[in-house]
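Below are the chains, spelled out letter by letter.
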Amino acid sequence: MTIRPIVHVPDPILRTASKPLETVDDTLRAFLDDMADTMYDAPGIGLAAIQVGEPVRAVTIDVSKKENEEDKEPPRDPIFLVNPEIIWQSDELSSYEEGCLSIPDYYAEVQRPARCRVSYLDRNGKACELGADGLLATCVQHEIDHLNGILFIDYLSKLKRDMVIRKFTKIARQNGK
């Protein structure tokens, strides 16, 4: 598989709404596998296609944890969501400290619905639904936001969001991007 470069803020592609995929085929499955390898390599627990520069509605997530400290590698149990759509969210909110592979080393508390239900196609093109709570619900909503051009920093105050964008714009300029 291929580790793909991750797009960072302030790249404007991250604000692009992703297009639905027409078919699930071997080419898409290979891309999903690349996304999973990229996510694990980063390391992260979720990755949207737009974060590797592809404006299509595809996400990979893996919130599985190490069983104990002696495990060198946590078990890999990726979930692949093609054309995911949130079809229900709870009124109850939960707060998690979120981070993002496109905004490295920055974390902030974000409130989101505590539970959600998502419809999607799996990696074989089968229509599925997923009920999620806890960290999985947060991660699913975070990644679907990416597909809609929304970043987790958009949930912060304008002051905090502007500080983050200025910081990463300066870093991009220093790196010649």
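Draft legend 1. Seen up close, the overall build of the protein. Helix and strand content of the protein: three helices and seven strands. Traced from its N-terminal end to its C-terminal end, the protein shows the element sequence α-β-β-β-β-β-β-β-α-α. Since a compact globule built from 177 residues should have a radius of gyration of about 16 Å, the 16 Å found for the protein is in line with a globular shape. Within the protein, buried positions represent 43% of all 177 residues. At a minimum sequence separation of 6, the contacts of the protein that also span at least 24 residues come to 64%. Just so you have it, the protein exposes about 9,700 Å², and 51% of that area is on carbon and sulfur atoms. When the 22 basic and 30 acidic side-chain charges of the protein are each reduced to a single mean position, those positions are 7 Å apart.

Draft legend 2. Spotlight on the packing of aromatic side chains. All chains considered together, the criterion is met by one aromatic pair. Above the face of the tyrosine 40 ring, arginine 76 is positioned so that its terminal group lies 3.9 Å from the ring centre. The residue whose ring lies beneath arginine 123 is phenylalanine 80, and the NZ or CZ to ring-centre distance is 4.8 Å.

Draft legend 3. Main features of helix H2 (residues 134-147). The end-to-end C-alpha distance of H2 is 21 Å, a good match for the 20 Å that 14 residues give at a rise of 1.5 Å each. H2 sits mainly inside the fold: twelve of its 14 residues count as buried. For H2, every residue scored as buried is listed here: Leu136, Ala137, Thr138, Cys139, Val140, Gln141, His142, Glu143, Ile144, Asp145, His146 and Leu147. Looking one or two residues beyond H2, the residue adopting positive phi is glycine 149, at roughly 80°.

Draft legend 4. Representation of the sheet that holds strand E1 (residues 46-48) in the model. Ordered by their spatial adjacency, five strands build an open sheet running E1-E2-E3-E6-E7, and the pairing between neighbours is antiparallel. The open sheet is flanked by E1 and strand E7 (127-133), the only strands paired with a single partner. Shown here is a sheet whose adjacent strand axes are inclined to one another by a mean of 40°, direction ignored. Where E1 and strand E2 (residues 58-61) come together, three bridges link them in antiparallel fashion. Looking at E2, one finds that glycine 46 is bridged to isoleucine 61. The strands that helix H1 (residues 26-41) touches are E1, E2 and strand E3 (79-89); relative to E2, the one it contacts most, it runs at about 45°. Sheet strands touched by H2: E1, E2, E3, strand E6 (115-121) and E7. Its angle to E7, the strand with the most contacts, is close to 125°.

What counts, and where the lines are drawn
Residues numbered from 1 in each chain as written. Predicted model: local features only at pLDDT ≥ 70, side-chain atom pairs only at ≥ 80, totals over all residues. Heavy atoms only, no water. Helix = DSSP H or I, 4+ residues; strand = E, 2+ residues; numbered from the N terminus. Rg over C-alpha atoms; globule rule 2.2 N^0.38 Å. Buried < 20%, exposed > 50% of the residue type's maximum accessible area, 1.4 Å probe, protein only. Contact = heavy atoms within 4.5 Å. Areas by Shrake-Rupley, 256 points an atom, 1.4 Å probe, with all protein chains shown as cover. Lys, Arg positive; Asp, Glu negative; His and termini not counted. Charge placed at Lys NZ, Arg CZ, Asp CG, Glu CD. Phe/Tyr/Trp six-rings, centres within 6.5 Å; stacked < 30°, edge-to-face > 60°. Lys NZ or Arg CZ within 6 Å of the ring centre and 35° of its normal. Expected span 1.5 Å × (residues − 1). Pairing = 2+ DSSP bridges. Axes fitted to C-alpha atoms, helices over the stretch in contact; angles between N-to-C directions.

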